[in-house]
Amino acid sequence: MRSSAAALAVLMVAAAQLSACTREVPPEDRPENLTVSVFLDVDATPEQSKAIEDRLRAVPDIVDLSFVSRQAAYEKIRADMADRPDLLEAVKPEQMPESWALTVAGRPAFERLYRGPLRGDLRQLDGVESVVFRGKKMQASMTDCVMKARTMVDPAPQLDIAVFLTMDASEKEKQAIESRLRAVPGASAVRLRSREEGYEILKETYEDVASGIAASAEPKDLPEVLVLTMADRPAVFRANDDRVDEQLCRMVGVDRVIVPPKPLASRATS
């Protein structure tokens, strides 16, 4: 259900952008491009929705804050994509995600919001599926950003923690993330893996099993990655226990974090 809701959220954003293309107002000044949409999990509770609303109401320079129900979202997407019935055929109102839509007063206020702490704050809140700054890259939820499995029966001995950056991460954001990585207890070294290096790894990984994956990609399509090498495996396990990935996922510019899992037997000794 989560992936379905995320896909519908992407469709809703695309529909709004297609509809806006026919208007005379310059793109950067259109209200929909000064709006932050916070899409809720399909099972988000009223209490979780209220907590999200409270955080959004604390934003300065608000022009409008509104709740978008499933039915309202369905009616809007039908209107925006009336000329594409093929895309709407299988969409039902109950499948649409609920959301909050926040509009601010002008481009400077929107850019301050985009570069500020709001994305990280929302990622920490239960009930958030995804955050969309209109005209910007869709932001992953905390669930999508953090590691999926903290333990394995017999994990490979790895010392590297990988922090995948958003495609539009600024130099200032990269520096802040690097500084945070260097402060992790047990940190040994931090380096930036370039898009070109990532592409070579992709080609090597898939050349024997799915060469088409690498052939269809280009270095510019891949994210930069900050790689933190830990001093030893106990330091890796401590980072795992301390949920360093969740701390990093609250930072602007971070898209995904991978911390090597612990062996199951180490639970009792950590």
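Source: prediction; values computed, not measured.

Notes on the pattern of salt bridges
Inference 1: Under the defined criterion, the tally for this structure stands at 13 salt bridges.
Inference 2: Linking R112 and D61 is a salt bridge whose minimum nitrogen-to-oxygen distance equals 3.3 Å. In this pair, R112 is assigned in helix α5 (residues 107-115) and D61 in the loop between α2 (46-57) and β2 (62-68), connecting sequence segments 51 residues apart.
Inference 3: Given a relative accessible area of 52%, R112 falls into the exposed group.
Inference 4: Several salt bridges converge on common partners, so that one network encompasses E171, K174 and E224.

Digging into the sheet that holds strand β1 (residues 35-40)
Inference 1: With respect to topology, 4 strands assemble into an open sheet ordered β2-β3-β1-β4, the strand pairing being antiparallel. Single-partner strands in this sheet number two, and they are β2 and β4 (128-133). Here the strands of the sheet are splayed against their neighbours by 15° on average, with no regard to which way each runs.
Inference 2: Pairing analysis gives 5 bridges linking β1 to strand β3 (residues 99-104), with the strands arranged antiparallel.

Describing the sheet that holds strand β9 (residues 254-258)
Inference 1: Spatially, β7-β8-β6-β9 is the arrangement adopted by the 4 strands of the open sheet, whose pairing is antiparallel. Of all the strands in the sheet, the pair left with one neighbour each is β7 (187-193) and β9. Adjacent strand axes in the sheet meet at a mean angle of 20°, parallel and antiparallel pairs treated alike.
Inference 2: Judged from the 5 bridges that link them, strand β6 (residues 160-165) and strand β8 (residues 225-230) form a sheet pairing that is antiparallel. Along β8, the bridge assignment pairs D160 with T229.

Calculation rules
Residues numbered from 1 in each chain as written. Predicted model: local features only at pLDDT ≥ 70, side-chain atom pairs only at ≥ 80, totals over all residues. Heavy atoms only, no water. Salt bridge = Lys/Arg side-chain N within 4 Å of Asp/Glu carboxyl O. Helix = DSSP H or I, 4+ residues; strand = E, 2+ residues; numbered from the N terminus. Buried < 20%, exposed > 50% of the residue type's maximum accessible area, 1.4 Å probe, protein only. Pairing = 2+ DSSP bridges. Axes fitted to C-alpha atoms, helices over the stretch in contact; angles between N-to-C directions.

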